[in-house]
Amino acid sequence: MESTNKQVLEFIHRQMNDWPLAAQNYNQFSHTKERIIAFDEFNLIVQFNPERIRSSAAKVDKQSITERKCFLCTENRPAQQEGLEYPGGYTILLNPYPIFEKHLTIETGHIPQRIAGRMGDMLRLAKDLSDFVILYNGPECGASAPDHFHFQAGTKDTLPVESELDRLKKLLYKTNEGCVWTMNNNMHTIATSSQDTAMANYLRKVIIYTSLNPAWVETEFNRMMDAFAKIQPDKPEPMVNILAAFHEDRYTLFVFPRQKHRPSQYDQEGEQQIMFSPGSVDCGGLLVIPRVEDEPKITKETIADMFIQVTLADKEWELLKSQIIVPIHSNKS
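Keep in mind that what you see is a predicted model, and the values were worked out from it rather than measured.

Visitor: Just checking my understanding: could you explain the sheet that holds strand β15 (residues 286–289) for this structure?
Guide: Strand-to-strand pairing in sheets goes through backbone hydrogen bonds, with the strands running parallel or antiparallel. Spatial ordering of the open sheet is given by β1-β2-β15, a layout of three strands whose pairing is mixed. This sheet does not close on itself; its edge strands, each paired only once, are β1 (33–38) and β15. Taken pair by pair, the neighbouring strands of this sheet meet at an average axis angle of 25 degrees, ignoring direction. Note that β1 and strand β2 (residues 43–48) share six bridges and pair antiparallel. For Ala38, the partnering residue across the bridge sits in β2 and is Asn43.

See below:
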């Protein structure tokens, strides 16, 4: 809602005036270097952002989580970081290490990062904060605080996937209430040498829900997660990154199913290492690279290889799609 957007923008303005660290970081962010990498049908934006090293390098194993203080808990947050209360027990915070021109964290207490039962909240946030895209990172695929539930929100129309949907979407199925799409995943190759090729398509598997009715989106999402849980039964929840946006009375939900947290390059040593720890922002087409020494390593071929490692494998992708398709009862959407 417009009034909620206004309250949040006023809140951001207050925090920028009252919190020197945030003001400094957002001023530095305005000079962040970005590079567009063009594939045949889409673009990726690479953002070189040293301040994001805290998130990209975060240790999220059980022991590390247990031993560190949670930076989202009220008692551990900086004294100058204020909160704006939001219905449903959420608190909106200004993220002091931005990826977006305006970047929020939306937390709701020290409980595990699980999307189950919270999709309705995510869609409500997308509508109330209609100037923003709402983000969710799963506990094993991007959340730097998997022990403390939170969404994030960033300036809308920043992520390439938002503008590429209409051009690259492919209908998966439709009902009376809405449509379910995927992005173009036709495979082709990019030659890296005469003996070596890398696979390229949209690089990220993605399921998109569009509807005027948030209850339908929530129901269809939950049905997909139930099917995905059978494919990944050993996970605390199926590995997903999610984006939600609201535009012209229509909800759009992007779900990126994953099979791996970080690509193998992350764990390499020396010159072979690339500190790329993808979450929902990266899946949306904005790749955040925190180390300047990794800049020359970021090529089309390297990006394709890293995404292929972390996105859902083809066999599981086809199985998941087959499990969620429903019979077509109407041509209306």
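Now that the structure has been shown, the text picks up again.
Visitor: What should I look at first to understand the nonpolar core in this one?
Guide: Where a protein is soluble and globular, its nonpolar side chains tend to be buried together. Ranked by internal contacts, the top residues of the largest apolar core, which has 50 residues, are Ile134, Phe151, Tyr209, Met224, Ile242 and Leu253. For this core, the element with the highest residue contribution is helix α7 (residues 214–231), accounting for seven residues. Residues contacting Phe151, with those up to four places away along its chain left out, are Tyr90, Leu104, Thr105, Ile106, Ile115, Arg118, Met122, Leu125, Ile134, Leu135 and Tyr136. Counting 40 residues, the second largest nonpolar core, distinct from the first, contains Ile45, Phe48, Val161 and Ile289.

Visitor: Sorry, what's going on with helix α5 (residues 119–128) here?
Guide: It helps to recall that an α-helix has 3.6 residues per turn; residues three or four apart then point in one direction. Judged by how many residues are buried, α5 sits mostly within the fold: seven of 10 residues are covered. Taken together, the buried positions of α5 are Met119, Asp121, Met122, Leu123, Leu125, Ala126 and Asp128.

Visitor: Teacher, can you tell me more about the sheet that holds strand β12 (residues 207–211) here?
Guide: The strand order across the open sheet built from 10 strands is β3-β4-β5-β7-β6-β13-β14-β12-β9-β8, with neighbouring strands paired in antiparallel fashion. The two strands at the open ends of the sheet, each matched to only one other strand, are β3 (84–86) and β8 (169–174). On average, each strand axis in the sheet is tilted by 25 degrees relative to the strand beside it, whichever way the strands run. Both β8 and strand β9 (residues 178–183) contribute to a ladder of five bridges, which runs antiparallel. Bridging from a neighbouring strand, Tyr173 pairs with Val180 of β9. Along the sheet, α5 makes contact with β3, β4 (90–94), β5 (103–107), β6 (132–137), β7 (150–155), β13 (240–247) and β14 (250–257), crossing β13 at roughly 40 degrees.

Visitor: When you look at the pattern of salt bridges in this model, what are you seeing that I'm missing?
Guide: For side chains bearing opposite charge, pairing can occur when the charged atoms are close. Across all of its chains, the model carries 13 salt bridges by this definition. Here Arg77 ties to Glu107 by a salt bridge, and the two come within 3.5 Å at their closest N and O atoms. In this pair, Arg77 is assigned in the loop between α4 (62–67) and β3 and Glu107 in strand β5, connecting sequence segments 30 residues apart. As far as the burial class goes, Arg77 and Glu107 line up, both buried. Lys235 is paired through a salt bridge with Glu140; the nearest N and O atoms lie 3.3 Å apart. With Lys235 in the loop between α7 and β13 and Glu140 in the loop between β6 and β7, the pair connects residues that are 95 residues apart, well separated along the chain.

Visitor: Even after reading the chapter, I still don't get the packing of α7 against helix α10 (residues 314–324), so can you show me in this structure?
Guide: The axes of two packed helices give the description: the angle between them and the distance between them. In contact at an axis separation of 9 Å, α7 and α10 are set at 140 degrees when each is read in the N-to-C sense. Our classification of the angle between α7 and α10 gives oblique. In this structure, α7 crosses over α10, and the sense of that crossing is right-handed. Where α7 abuts α10, its residues Arg223, Met224, Ala227, Phe228 and Ile231 lie against Glu316, Leu319, Leu320, Gln323 and Ile324. For the contact of α7 with α10, the residue count by class is seven nonpolar, one polar and two charged.

Visitor: Looking at this structure, how should I read the pairing of β5?
Guide: Within a regular beta strand, the side chains point alternately toward one face of the sheet and then the other, so they alternate between its two faces. With five of five residues buried, β5 is to be regarded as a mostly interior element. Because side chains alternate across β5, one face comprises the buried residues His103, Thr105 and Glu107, and the other comprises Leu104 and Ile106, equally buried. Here β4 pairs with β5 via four bridges, running antiparallel. Its bridge partner lying in β5, Leu94 is registered against Leu104. Pairing geometry for β5 and β7, over five bridges, is antiparallel.

Here is what the cut-offs are and how they apply
Residues numbered from 1 in each chain as written. Predicted model: local features only at pLDDT ≥ 70, side-chain atom pairs only at ≥ 80, totals over all residues. Heavy atoms only, no water. Pairing = 2+ DSSP bridges. Helix = DSSP H or I, 4+ residues; strand = E, 2+ residues; numbered from the N terminus. Axes fitted to C-alpha atoms, helices over the stretch in contact; angles between N-to-C directions. Core = buried A, V, L, I, M, F, W, Y, C linked by side-chain atoms within 4.5 Å. Buried < 20%, exposed > 50% of the residue type's maximum accessible area, 1.4 Å probe, protein only. Contact = heavy atoms within 4.5 Å. Salt bridge = Lys/Arg side-chain N within 4 Å of Asp/Glu carboxyl O. Parallel < 35°, antiparallel > 145°, perpendicular 65-115°, else oblique. Left-handed = near helix turned anticlockwise from the far one by under 90°. Nonpolar A, V, L, I, M, F, W, Y, C, P; charged D, E, K, R; others polar.

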